[in-house]
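Structural characterization, general
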Amino acid sequence: MRAALVTLGVILCAVPLFAHEGPEGEIEELTERMKRNGETASLLTERAIEYRVIGKLPEATKDLELALAFAPDSIGAHRELARVLFLGGKANEAIAIIVRGLAVKTNEPSDLASLRMLRAEIYRSQNENKKALEDCDAGLRLHKQNPEWYLLRSDIQKRLKAHKERLAGLDEGIRETGAGVLEIERIETQLDAGQWNAALPLIEAELRDSRIKSSWLIRRARALIGLGKKAEAETDLKNAFEEIAKRLNPKNPDVPLLLDKALVHELLGEKKDALRAYEEARDKGATDSVNDRIKALLETPEK
Amino acid sequence: MNIVWRTEGPMDPVVRYGKEQGTLDKEVRGAVVRASLGGNGTPVLPKWEPLRTPANLALPKLHSAPVGTFQYEVKLKDLETETTYFYAVYNGGKRLTEDDGSFRFTTHPKSGSDRPVRFWVIGDGGTGRSEQAAVHDAMRKTVESEKHPLDFWLHVGDMAYTTGRDNEFQSRFFEMYDSTLRNKVCWPAMGNHEGFNANGKTGVGPYYDAYVTPTRAEAGGVASGTEAYYSFDYANVHFICLDSHDLSRKPGDPMASWLKADLEKAKADWLIAFWHHPPYTKGSHDSDKETDLTEMRKLIMPICEAGGVDVVLTGHSHIYERSMLMDGAYGTPTFADNVILDDGDGDPDGDGAYRKSKGIHAHEGTVQVVTGNAGATLGRNGTMPVMRRIILEHGGVLVDVKGDTLTGRMINRDGAESDLFSVVKRGKVTPTRLTLPWVPAEYKKPDIALKGVGGPSVDRKVLIAPGAEWQFTFDQPVRGKEWTQPVFPAEGWKRGPAGFGYGKLPFRTDVREMRRKATVLYARSEFRIEQVDRVTELGLEIDFSDAFIAYINGNEVIRSGVGRSSGRNAQNIKVREQKGPQFFALPDALKILKDGVNVLSIEAHNSSAEKVDFLLSPTLLLED
Ligand SMILES: [Fe+2]
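Residues numbered from 1 in each chain as written. Chains lettered and ligands numbered in written order. Predicted model: local features only at pLDDT ≥ 70, side-chain atom pairs only at ≥ 80, totals over all residues. Heavy atoms only, no water.

1. Some points on the overall build of chain B
- Helix and strand counts for chain B come out as eight helices and 38 strands.
- At 28 Å, chain B has a C-alpha radius of gyration in line with the 25 Å of a compact globule built from 624 residues.
- Along the longest, intermediate and shortest principal axes, the C-alpha atoms of chain B span 85 × 65 × 45 Å.
- Here chain B, with 624 residues, has 61% of them falling under the buried criterion.
- Of the contacts made within chain B by residues no fewer than 6 positions apart, 75% connect residues no fewer than 24 positions apart.
- Element-wise, carbon and sulfur atoms account for 49% of the exposed surface of chain B, whose accessible area totals about 23600 Å². (Helix = DSSP H or I, 4+ residues; strand = E, 2+ residues; numbered from the N terminus. Rg over C-alpha atoms; globule rule 2.2 N^0.38 Å. Buried < 20%, exposed > 50% of the residue type's maximum accessible area, 1.4 Å probe, protein only. Contact = heavy atoms within 4.5 Å. Areas by Shrake-Rupley, 256 points an atom, 1.4 Å probe, with all protein chains shown as cover.)

Here is the structure:
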């Protein structure tokens, strides 16, 4: 058996073969395959995904457009194309593709939901938050099991300062998925809405249960500040800062920790330090919401 | 514990279980959870029509399973911890699973308990090829000879090449690991190949049909709310699984937020994370160049290391690479300077185990293990400088955790231990960063001409094996080309394993009766292809004397040594001087292949009826 396999290996190298090493190799192989057997929607979509991985967005776009021509009813291809266009900064073109995708008949509601949610993300990036919210609501009616989408809606409602609806939406998400991140977002919402007394006992419970406490200490400090207990809040913030300092990698600090550090500075009124930490987090790949924090901070007067 | 199975057509699902093989004294009724009943234009056989009731059609659909497939699930509750139960699946009163003791499971020990833990980790195995089976066998033999069974196993993705469709899961995963799957839980991470047909955002696709993973912290950790990523406790180890394929990796986005929250709560002695795309590799993938990999390094690793993760297990790159004890290497490209905390080999009998403080602490070092070597063709692009071991062998990793010591061993396909490392967490250790650590030797990529020697890096499959059974004849009247068509009665033809021959050449079926009577032997064999549009190469490896013409589905695809015409009219048969098998690529055959059953027909010619030797010994190969 082994001897036979060795023979095969040696013999096979006599014919041209395409080693798929990494995305480039995969692309080469898919290209070759399509040259021989013709292009199909699925092969084009596969190649487009590889192009996207290595950042070749125009090539990915071209493949997906062709894939859609072959399979005009593929919602997956619509979604991929819209995503690639959005990544490449072509938000309006992406929206046009989503509109086309939404017109496709399908038995799989989650497909349509994913198109809706992608459009919500695009609208959010354009600061069209009301339209974004409409898409979120529609998407979540179609598919209720993705915690990520509840978070997206919550973020949009936060921008619209619709805290009551935000809490109700998160309650729904917690019921449907049970996701821990939604529980945390719910407490954040209570803090944003100034419901200090409602949030406090929940935060206390989380603090007791946590090995790493700084994020919860900061949340408690926010509640305490809201309740006018400045001194207690300061103690929490200092303890949080100490724990963060121990965990920060001196050379390569991680983004969530930097964001927490920035928030500690911000709550302590240390604007310059806060800005520095936010900017570092932004440079290390934090989501766009960090820009809003920076902008808000620049607009507040120095304490 | 969830027990999941499928049947063709509906059944009355019952699971019986108990602590002794002979006494399955508890019974739970199952429920149908998914079904495949056509729709979207899929043709439905008449026998399934009566099953297309509104209730059945309202069931969640199986993504791409054959029409008529029903999937059942039973959740067994109130089980005792760390206890072995035997189980059997019944259709009403009729037992379906064998009573051989292999259908059993052992429940988790109490969270935090100090009992030894053993698990197996593999990645990129789902090819259905012999390497995959050998890696599995090697693990089974090792645990058997050590009399220390697995507690469970982890699959770091790419378990069903090429596109994670239902039939690929069936033949390249379930059938390949059947004996281990029925009694050891497999905790999965989704690979990019599963991702072609499964969507992490919606949880739809064959990957999600195949698994039940915790969404509400059923096995410990913080509830993820999704099957795409999750965590669980096993004794004193906390495991975290991420979807590195199709979800945002950005801090602030849900998966990273959940990871942070989960790490904040984790109180086990050991933290182990696993996912598909390796943050560090120069195997068949390059983590300096591909965004999926770069982002796992730049965005996810910092959260892991600030949370105190000890070991990261990944695949995707078809190689075994194991790092030194390292921390904080998030940049691109990856350098070893100042990110290595211990540049020894981690072998207790060599440079010594890696040391960390007791408990969980940020930035005391992680060991990265890339084990994408469970079946797919191996490949290497260069040298990742943080790696201590770079091994191009098929295999998987056996991990043992005993109190304060974790040991990893790469068991290769032959059962040999190709790597061994240990991490010991004891007392207080102050990590130091090495400015100029040990680095592995640079790798020079062989020339293209040599590269193929280990076999090409594409999936290769034997469609008609060397000893496969064929229909053949040399004494029945054969006229025209009818006999090469897919549908042909072949009345009076014999059956036998290839090769066919006589004289000194290596044959299995002796056809010496042919000598002096006939010069042509006709042979036919069927083969199956699942996805024709994925076939890149079809090749015929054939040993023959002296000449032949081959046909696929009635079309001539290759000839050698036959000058003109064919069959009894063939002219100018050349004597073949060459010995041994020869490979012929069949580029023209790709257009005439079809999904399902195809037929290869070969007429083999001897240059003379008087000659003392004759041979026809063909093998059909496919690349996809
Ligand atoms: Fe992969």
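Now, onward.
2. So, the domain arrangement of chain A
- Domain annotation for chain A reports domain 1 (16-105) and domain 2 (248-303).
- Spacing between the C-alpha centres of domain 1 of chain A and domain 2 of chain A amounts to 37 Å. (Domains from an automatic or database assignment.)

3. Here we look at the pattern of salt bridges
All names here are of chain A.
- As enumerated under the stated definition, the model contains 72 salt bridges over all chains in all.
- With a closest N to O distance of 3.9 Å, K35 and E32 form a salt bridge. Linking K35 with E32, this pair stays in helix α2 (residues 22-37), spanning three residues, or about one helical turn.
- A salt bridge links D137 to R153, with the shortest nitrogen-to-oxygen separation between them at 3.0 Å. With D137 in helix α8 (residues 129-142) and R153 in helix α9 (residues 147-159), this pair connects stretches of sequence that are 16 residues apart.
- For R153, a relative accessible area of 6% gives the class buried.
- Three or more residues are tied together by salt bridges with common partners; here these are K158, R166, E185, E188, D192, R219 and R222. (Salt bridge = Lys/Arg side-chain N within 4 Å of Asp/Glu carboxyl O.)

4. Examining α9(A)
- A rise of 1.5 Å per residue sets the reference length of α9(A), with its 13 residues, at 18 Å; its end C-alpha atoms lie 19 Å apart and thus fit the reference within 8%.
- For α9(A), the tally of buried residues reaches 11 of 13 residues, placing the bulk of the element in the interior.
- Considered for burial, the residues of α9(A) that qualify are P147(A), E148(A), W149(A), Y150(A), L151(A), L152(A), R153(A), S154(A), D155(A), I156(A) and Q157(A).
- Those residues of α9(A) hidden inside the fold are in contact with α7 (109-125), α8, α10 (163-177) and α11 (180-192) of chain A together with α6 (254-265) of chain B. (Expected span 1.5 Å × (residues − 1).)

5. Regarding the sheet that holds strand β14 (residues 270-274) of chain B
Residues and elements named next belong to chain B.
- One open sheet holds the seven strands; their spatial order is β12-β13-β14-β15-β20-β16-β21, and the pairing between them is mixed. The sheet is open, and its two borders are formed by β12 (230-234) and β21 (387-391), each paired with just one other strand. On average, adjacent strands in this sheet sit at an angle of 15° to one another, irrespective of strand direction.
- Bridge analysis of strand β15 (residues 311-314) against strand β20 (residues 367-371) gives four bridges, and the strand direction is parallel. The residue bridging T314 from the neighbouring strand is V370, located in β20.
- α6 contacts β12, β13 (237-241) and β14 of the sheet and is inclined by roughly 175° relative to β13. (Pairing = 2+ DSSP bridges. Axes fitted to C-alpha atoms, helices over the stretch in contact; angles between N-to-C directions.)

6. Section: the packing of α7(A) against α8(A)
All names here are of chain A.
- With their axes 8 Å apart at the nearest point, α7 and α8 run at an angle of 165° to one another. Here α7 is positioned roughly antiparallel relative to α8, judged by the angle of their axes. α8 is crossed by α7, and the crossing has left-handed handedness. Contact with α7, carried on its side by P109, L112, A113, R116, M117, R119, A120, Y123 and R124, involves N129, K131, A132, D135, C136, A138, G139, L140 and L142 of α8 and no other residues of that element.
- Here the residues of the contact of α7 with α8 are counted per class, giving 11 nonpolar, two polar and five charged. (Parallel < 35°, antiparallel > 145°, perpendicular 65-115°, else oblique. Left-handed = near helix turned anticlockwise from the far one by under 90°. Nonpolar A, V, L, I, M, F, W, Y, C, P; charged D, E, K, R; others polar.)

7. Comments concerning the nonpolar core
- Membership of the largest hydrophobic core comes to 137 residues, with the highest contact counts inside it found for F119(B), L154(B), F239(B), L242(B), F274(B) and L313(B).
- Examining the composition of this core, we find that eight residues originate from one element, α7(A), more than from any other.
- If we skip the residues at most four places from it in the chain, F274(B) touches L154(B), V156(B), W187(B), P188(B), A189(B), Y230(B), F232(B), F239(B), I240(B), C241(B), L242(B) and L313(B).
- Membership of the second largest hydrophobic core comes to 39 residues, among which are F472(B), A518(B), F527(B) and L622(B). (Core = buried A, V, L, I, M, F, W, Y, C linked by side-chain atoms within 4.5 Å.)

8. Regarding the coordination of the iron ion
- Around the iron ion, the donor atoms from the protein are D158(B) (OD), N192(B) (OD1), H276(B) (NE2) and H316(B) (ND1), and they sit 2.1 to 2.2 Å away.
- One can describe the donor arrangement at the iron ion as irregular, given that its four donor atoms subtend angles of 81 to 168° at the metal. (Donors = N, O, S within 2.8 Å, 3.2 Å for Na, K, Ca; no water. Tetrahedral: all angles 85-135°; square planar, octahedral: opposite > 155°, others 65-115°.)

9. With respect to the interface of chain B and chain A
- Each side of the interface is counted separately: chain B has 79 residues, and chain A has 72 residues.
- With both sides pooled, the region where chain B packs onto chain A buries about 6400 Å², and carbon together with sulfur makes up 54% of that total.
- In this assembly, chain B and chain A are joined by four salt bridges.
- The salt bridge partner of K265(B) is E206(A), with a shortest N-O separation of 2.4 Å. (Buried area = accessible area lost by both parts, 1.4 Å probe.)

10. Side note on the packing of aromatic side chains
All names here are of chain B.
- Summed over all chains, the structure comprises 36 aromatic pairs over all chains.
- A centroid spacing of 5.8 Å and a plane angle of 85° characterise the contact between F152 and F232, whose relative ring orientation is edge-to-face. Residue F152 is found in strand β10 (residues 152-155), and its partner F232 is found in strand β12; the two are separated by 80 residues along the sequence.
- Among the aromatic side chains, those forming a connected cluster through ring pairs are W120, W153, F169, F173, F174, Y177, Y207, Y208 and Y211.
- Sitting over the face of the ring of W438, R388 holds its NZ or CZ atom 3.7 Å from the ring centroid. (Phe/Tyr/Trp six-rings, centres within 6.5 Å; stacked < 30°, edge-to-face > 60°. Lys NZ or Arg CZ within 6 Å of the ring centre and 35° of its normal.)

11. Some remarks on the pairing of β14(B)
All names here are of chain B.
- Burial of β14 is extensive: five of the five residues sit out of reach of the surface.
- Here β13 pairs with β14 via five bridges, running parallel. Each residue of the ladder has a partner; that of F239, found in β14, is I272.
- One crossover worth recording links β13 to the parallel β14 by way of α6, and it is right-handed.
- Crossover handedness for the path β14 to helix α7 (residues 291-306) to β15: right-handed. (Right-handed = clockwise from strand over helix to strand, strands pointing away.)

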